[in-house]
Amino acid sequence: MEFETYHFDAVIVGSGGAGLRAALMLSEKGIRTAVVSKVFPTRSHTVAAQGGINAALGNILPDNWLWHMYDTIKGSDYLGDQDAIEYMCREAPDVVRELEHFGVPFSRTESGKIYQRPFGGQSLNFGQRQAARTCAAADRTGHAILHSLYQQNLRAQTTFFVEHQAIDLIRDERGDIAALMVLDIATGEYKVLRSRAIMLATGGAAQLFRTNTNARINTGDGLAMILRAGLALQDMEFWQFHPTGLSGKGILISEAARGEGGVLRNAAGEAFMKHYAPHARELASRDVVARAIAIEVQEGRGCGVNQDHVWLDLTHLDSALIKQRLPAIREIALTFAGIDICQEPIPVYPTAHYMMGGIPTNIHGQVKTLNDQGEVEVLPNLFAVGECACVSVHGANRLGGNSLLDIVVFGRAAARQLIEQLSHQPLDYFDAPLDLQPVERRIQRWQACDASSSDGTPASLRQRLQTIMETGCGVFRTEDTLNKCIDDLTEFSAQVDKLMLQDRSEVFNLERLEAFELENLLALAWATVHSARSRQESRGAHYRLDYSSRDDDNWLKHTLYFQSQPVNTPRLAYVPVTLQPLTVPSFPPKKRVY
Amino acid sequence: MLTLRFSIQRYLPEQDRIPRMQLYELALAQMPRDWMLLDALEHLRQQDPTLAFRSSCKEGVCGSDGMNVNGKNRLSCITRLSTVWDEVKDKDGIIKIHPLPGLPIIRDLVVDMNQFFQHYAAVQPWLIPPAGDRDHELLQTPTQRAELEGLYECILCACCTTSCPAFWWNPDKFHGPAALLAAQRFVSDSRDQHTQTRLQALDDAYGTFRCRNIQNCTANCPKGLDPSGAIRALKRKMLTE
Ligand SMILES: Cc1cc2nc3c(=O)[nH]c(=O)nc-3n(C[C@H](O)[C@H](O)[C@H](O)COP(=O)(O)OP(=O)(O)OC[C@H]3O[C@@H](n4cnc5c(N)ncnc54)[C@H](O)[C@@H]3O)c2cc1C
């Protein structure tokens, strides 16, 4: 096959908050940068973030980054790396102020400062009182941040490859990752982008589950590219189920609704969170609240005809406050459930939301893997940032408001590192030839069409996969559900092998894009179920009914998963959690109560 | 049994010289109360995987799925199926879907938005804060912040601009309502240092003043924003300053 080839110093895959923050710094420094995105930048899913971004600014209550650090470590159920968490929490006030200067229209306090709201899992003085640490632009914070970052990139004249789908990383003959294969969606042309450094910022993948808060495009492409390149994914058993998805739909009702005073009630009208988290109640960590809701429903206290949800009640709040602070939530409930939240409670149930695991990196965003001797090794010119990366600042459970923070902090850190590195590296005088065979095979697989021989479409198969994963790897897991999940995935993989496409056009061939995405989702399904089956404990969002407590003696460690052949026999390895922060004393694991 | 009929504009550049309408049918037990138009379109794609349209967030915030439905520009993911069905069921019983008008068609309901985004970039939609002190927040009172309400929430779906006759007539010169709404957003931001330069640059017979106050933009904004009002306010500011 023949491909047009382009040359850059840096290629960033993804134009969400993480990719755009990095791109802005690179463009400003004059690095020849290209940003590749499946969708127009402002359509990236960062746009959907509602509640806000955490930083110990202390605009409402006195605050301290060390308290933020403590809360994040506790929230992570001690699986987060304390060096990375310290770095993030210390950088937070600075990156938020920077966003403000980029134009983010934050809501304001009477004194003109950035408004901050209380969010789950945050406290003053190491667990004493509820904090107010989440900087918010009403309940449209992600939109506000993403648009502002895109606008600044327009000013900085960043080069975009919009509506280009990245297919795979390409190694050169020396074995170094040297290029990226992309598909121009509008023309069907494949292009090779050669680059001295590549940064993956492809976002989340909760499309793996039937009920989710994620966009259709959130299919974990970057993670699957890493697996196909023979590298590792970390902690893939940890998926956050957000407690309050709109029942039946999965659309997010932000934690901001509880932060502003919303209460969860069961069918008897009882505010049940007091039984699960006597102090923090509605604002306990997400894993705790999600399990509480699932238990209420399982034990027959669910609301509605089918008793399949609980109520999120905001009716006692001042409706002027709701209109000012939660306008988008109000709009969502009205559009999708016909409910005015000022008058009626919202039916909610947990929904797949966020991937704590991902591509392992150090705090400079550089991708880590294991070498042949089983030692951790850094790939200097391959970066991952944002939700697709696992630094790991979220460990086994992410706190609300910490992901928007993660994406801008590490987007910036990775860009800094990349600039520093390129300035020391001599330019290659010639490019080593690329090994295009693996990616060509994959391309050819989906160039062929044969409507007659196929059973199902990529879209219908995605739904099937989502159901398998929700049943086998949901809020509660056991050896049995996980084994069943493996059997189902084995059968399902055979179905994908037989899939044939029907759309012959080269122009905007959605079916082909979905086929690539389906392969990616399937790769992540395997990573998730294998990692989950091996971890015989409950920690954060990974809850095993058959091993219901945390087991620090055996499991205070990160999972690394590699794809192998056949794919139902995994290769797993474990690396220690970094308990030593950069400059402050460690927070040793202790029992986690809210 | 309820059979919904859709007439959808198709165009495959490799085989069609000009766009054509294709009829689709969707049989349902009854009208699903909570379905959006997008849910129906996804079912049609299961019947015919060659039907192309953009969509992503499914909740009306990414702005991907603007399309013209029964003559009005809307986002398929936040338009109730029952609404568009009610509009036609006592007439010909066919829901009519076209791409957003006035932009080149790439395929089926997918339009080329380049020109739209160029106009957006042309109004320099980025904050220019005071130079210097990056270590403190720029203060903004709640009243100053309130000036941005109804301006910053735009999702760039192009429903407004592609409903505007002034844009249809001069798509290369008239910025269109979405871009002008963005211009007004930065002119109204108390933190911005370039209000005067912005107003001067916008003072252009075509770029801004081609707006003839037809107000299709406001009628077609799926987010309930008022670009027409924003343009009036912008023009007023130009005249007074
Ligand atoms: C509904 C919702 C609400 C949330 N609210 C909050 C909140 O209030 N606070 C908080 O801290 N966090 C929140 N989160 C989490 C947070 O928004 C996300 O984790 C974060 O925005 C992810 O940013 P990102 O830049 O990593 O990825 P994204 O914004 O998802 O961007 C991914 C990018 O990668 C591109 N891409 C992916 N695959 C490919 C490919 N193959 N080829 C080319 N491009 C590709 C996409 O086009 C896109 O540009 C929320 C999440 C959701 C879903």
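Conventions adopted
- Residues numbered from 1 in each chain as written.
- Chains lettered and ligands numbered in written order.
- Predicted model: local features only at pLDDT ≥ 70, side-chain atom pairs only at ≥ 80, totals over all residues.
- Heavy atoms only, no water.
- Helix = DSSP H or I, 4+ residues; strand = E, 2+ residues; numbered from the N terminus.
- Buried < 20%, exposed > 50% of the residue type's maximum accessible area, 1.4 Å probe, protein only.
- Contact = heavy atoms within 4.5 Å.
- Expected span 1.5 Å × (residues − 1).
- Near = heavy atom within 4 Å.
- Polar contact = N/O pair within 3.5 Å; in protein donor to acceptor, adjacent residues only side chain to side chain.
- Areas by Shrake-Rupley, 256 points an atom, 1.4 Å probe, with all protein chains shown as cover.
- Nonpolar A, V, L, I, M, F, W, Y, C, P; charged D, E, K, R; others polar.
- Phe/Tyr/Trp six-rings, centres within 6.5 Å; stacked < 30°, edge-to-face > 60°.
- Lys NZ or Arg CZ within 6 Å of the ring centre and 35° of its normal.
- 1 Å grid on protein atoms, 1.4 Å probe; cavity = no way out; pocket = protein on both sides within 12 Å on 5 of 7 lines; lining within 4 Å.
- Points joined across faces, edges and corners; volume = space filled by probe spheres on them.
- Salt bridge = Lys/Arg side-chain N within 4 Å of Asp/Glu carboxyl O.
- Axes fitted to C-alpha atoms, helices over the stretch in contact; angles between N-to-C directions.
- Parallel < 35°, antiparallel > 145°, perpendicular 65-115°, else oblique.
- Pairing = 2+ DSSP bridges.
- Domains from an automatic or database assignment.
- Buried area = accessible area lost by both parts, 1.4 Å probe.
- Core = buried A, V, L, I, M, F, W, Y, C linked by side-chain atoms within 4.5 Å.

1. Side note on the environment of B:Asn216
Residue and element names in this part refer to chain B.
Here is step 1: Note that Asn216 resides in helix α8 (residues 216-220).
Here is step 2: Residue Asn216 is classed as partly exposed on the basis of its relative accessible area of 27%.
Here is step 3: Expressed as a C-alpha distance, the spacing of Asn216 and Val69, which sit 147 residues apart in the sequence, is 15 Å.
Here is step 4: Filtering out sequence-adjacent residues up to four positions away, Asn216 remains in contact with Ser163 and Pro165.

2. Things to note about helix α4 (residues 141-155) of chain A
Residues and elements named next belong to chain A.
Here is step 1: The terminal C-alpha atoms of α4, which comprises 15 residues, lie 21 Å apart, in line with the 21 Å expected from a rise of 1.5 Å per residue.
Here is step 2: Of all 15 residues that make up α4, 14 are buried, and the element is covered over most of its length.
Here is step 3: Backbone geometry just after α4 places Gln157 at a positive phi near 60°.

3. Thoughts on the site of the ligand
Residues and elements named next belong to chain A.
Here is step 1: In the neighbourhood of the ligand, 38 residues make up the surrounding shell, with Ser44, Thr46, Asp221, Glu387 and Ser403 lying closest.
Here is step 2: Thr46 is positioned such that a nitrogen or oxygen atom in its side chain is 2.5 Å from an oxygen atom of the ligand.
Here is step 3: In isolation the ligand offers 1,000 Å² of accessible surface; the protein chains occlude 98% of this area.
Here is step 4: Looking at the shell around the ligand, the elements with two or more residues in it are α1 (17-28), β2 (33-37), β9 (164-171), β16 (346-355) and α11 (402-424).
Here is step 5: It is α11 that provides the largest number of residues to the shell around the ligand, a total of four residues.
Here is step 6: Classifying every residue of the shell around the ligand gives 12 nonpolar, 22 polar and four charged.

4. Concerning the packing of aromatic side chains
For any pair of aromatic rings, geometry is given as the distance between the ring centres together with the angle between the planes.
Here is step 1: Going through the model one piece at a time under the given rule, you end up with 15 aromatic pairs over all chains.
Here is step 2: Pairing A:Phe40 with A:Tyr150 gives two aromatic rings, centres 5.2 Å apart and planes at 70°, and the pair type is edge-to-face. Within this pair, whereas A:Phe40 is found in the loop between β2 and β3 (53-54), its partner A:Tyr150 is found in helix α4, the two being separated by 110 residues in sequence. Assigned by exposure class, A:Phe40 and A:Tyr150 land together as buried.
Here is step 3: For the pair A:Trp555 and A:Tyr574, a centre-to-centre distance of 5.4 Å together with 75° between the ring planes defines the contact as edge-to-face. A residue pair is termed long-range when its members are at least 10 positions apart, and A:Trp555 in helix α16 (residues 552-555) and A:Tyr574 in strand β22 (residues 571-576) qualify at 19 residues.
Here is step 4: A relative accessible area of 28% means that A:Tyr574 is categorised as partly exposed.
Here is step 5: One aromatic cluster in this structure is built from A:Phe40, A:Tyr150, A:Phe160, B:Phe116 and B:Phe117.
Here is step 6: Note that A:Lys74 overlies the ring of A:Tyr594, its terminal NZ or CZ placed 4.1 Å from the centroid.

5. A look at the layout of surface pockets
Here is step 1: In this model, the largest pocket occupies a volume close to 1,500 Å³.
Here is step 2: Looking at the lining of the largest pocket, the elements with two or more residues in it are β13 (239-246), α8 (286-298), β16 and α13 (458-472) of chain A together with α1 (37-47) of chain B.
Here is step 3: For the second largest pocket, the lining is made up of 48 residues, of which A:Val39, A:Phe40, A:Val162, A:Glu163 and B:Arg54 are closest to its centre.
Here is step 4: Sorting the residues of the lining of the second largest pocket by element identifies α4, β8 (159-162), β9 and α15 (510-534) of chain A together with β3 (66-69), β7 (110-111) and α3 (114-122) of chain B as the ones contributing at least two each.

6. A look at the pattern of salt bridges
Residue and element names in this part refer to chain A.
Here is step 1: For the structure on display, the rule yields 65 salt bridges over all chains.
Here is step 2: In this structure, the salt-bridge partner of Glu260 is Arg117, at a minimum N-O distance of 2.8 Å. Highlighted residues: Glu260 in the loop between α6 (256-259) and β14 (263-265) and Arg117 in strand β4 (residues 116-117), separated in sequence by 143 residues. Summarising the burial analysis for this pair, Glu260 and Arg117 share the class buried.
Here is step 3: Salt bridges here are not isolated pairs; linked through shared partners, they connect Asp77, Glu237, Asp287, Arg291, Arg535, Glu537, Arg539, Arg550, Asp552 and Arg592.

7. Some remarks on the packing of helix α3 (residues 82-102) of chain A against α11(A)
All names here are of chain A.
Here is step 1: It is the contact of α3 with α11, at a shortest axis distance of 9 Å, that shows an interaxial angle of 90°. As the angle between them shows, α3 and α11 are arranged roughly perpendicular. Side by side, α3 and α11 meet where Ala84, Tyr87, Met88, Glu91, Ala92, Asp94, Val95, Glu98 and Leu99 of the first sit next to Asn402, Leu405, Asp406, Val408, Val409, Phe410, Arg412, Ala413 and Arg416 of the second.
Here is step 2: Of the residues belonging to the contact of α3 with α11, the class tally is 11 nonpolar, one polar and six charged.

8. Side note on the sheet that holds strand β1 (residues 2-10) of chain B
All names here are of chain B.
Here is step 1: Strand order in the open sheet made by the five strands is β2-β1-β5-β3-β4, with mixed pairing throughout. Each edge of the sheet is formed by a strand with only one pairing partner; in this case those strands are β2 (20-28) and β4 (72-75). Strand-to-strand twist in this sheet, taken as the mean axis angle between neighbours without regard to direction, amounts to 35°.
Here is step 2: One ladder, built from four bridges, connects β1 with strand β5 (residues 94-98); its direction is parallel.

9. Examining empty space enclosed by the protein
If a probe the size of a water molecule is rolled over the atoms, the empty space left behind becomes visible.
Here is step 1: For the coordinates displayed, the defined rule picks out six cavities of 30 Å³ or more.
Here is step 2: Its volume calculated, the second largest cavity comes out at about 140 Å³.
Here is step 3: Where the lining of the second largest cavity is concerned, the elements lending two or more residues are α4 of chain A together with α6 (177-187) of chain B.
Here is step 4: Among the elements that line the lining of the second largest cavity, the one with the most residues is α4(A), at five residues.
Here is step 5: Taken together, the residues of the lining of the second largest cavity sort by class into nine nonpolar, four polar and one charged.

10. Comments concerning the domain arrangement of chain B
Residue and element names in this part refer to chain B.
Here is step 1: What the domain assignment lists for chain B is domain 1 (2-110) and domain 2 (113-240).
Here is step 2: Opposite the 15 residues of domain 1 that make contact, domain 2 presents 14 residues.
Here is step 3: Counting across the domain 1 and domain 2 interface gives zero salt bridges.
Here is step 4: The interface formed by domain 1 and domain 2 holds five residue pairs in polar contact (both at pLDDT 80 or more) in total.

11. Details of the sheet that holds strand β7 (residues 134-135) of chain A
Residue and element names in this part refer to chain A.
Here is step 1: Strand order in the open sheet formed by three strands is β3-β7-β4, and the pairing between neighbours is antiparallel. Looking along the sheet, the strands with just one partner apiece sit at the ends: β3 and β4.
Here is step 2: The pairing of β3 with β7 spans two bridges and is antiparallel. Bridge pairing in β7 places Asn54 opposite Thr134.

12. Quick notes on the interface of chain A and chain B
Here is step 1: Each partner contributes to the interface: chain A provides 67 residues, whereas chain B provides 60 residues.
Here is step 2: Counting each side, the surface lost to burial between chain A and chain B is near 5,100 Å², with a carbon and sulfur contribution of 52%.
Here is step 3: Linking chain A with chain B are eight salt bridges, by the criterion used here.
Here is step 4: Measuring nitrogen to oxygen at the nearest pair gives 3.0 Å for the salt bridge that ties A:Glu331 to B:Lys223.
Here is step 5: Counting the contacts that link chain A with chain B gives 36 residue pairs in polar contact (both at pLDDT 80 or more).
Here is step 6: Of all the elements in the fold, those that place two or more residues in the side of chain A that touches chain B are α3, α4, α10 (327-337), α13 and α15 of chain A.
Here is step 7: Per-element tally for the side of chain A that touches chain B: the top contributor is α4(A), with seven residues.
Here is step 8: Of the residues contributing to the side of chain A that touches chain B, the split by class is 25 nonpolar, 26 polar and 16 charged.

13. A closer look at the nonpolar core
Here is step 1: If you look at the biggest cluster of nonpolar residues, it comprises 174 residues, and the most contacted ones within it are A:Ile53, A:Phe410, B:Phe6, B:Leu81 and B:Ile97.
Here is step 2: Among the elements that take part in this core, α11(A) stands out by supplying 12 residues, more than any other.
Here is step 3: Not counting chain neighbours up to four residues away, the residues in contact with B:Phe6 comprise B:Gln22, B:Leu23, B:Tyr24, B:Leu26, B:Leu37, B:Ala40, B:Leu44, B:Leu81, B:Ile94, B:Ile95 and B:Ile97.
Here is step 4: Grouped together as the second largest cluster of nonpolar side chains are 91 residues, A:Leu223, A:Leu227, A:Met236 and A:Ile443 included.

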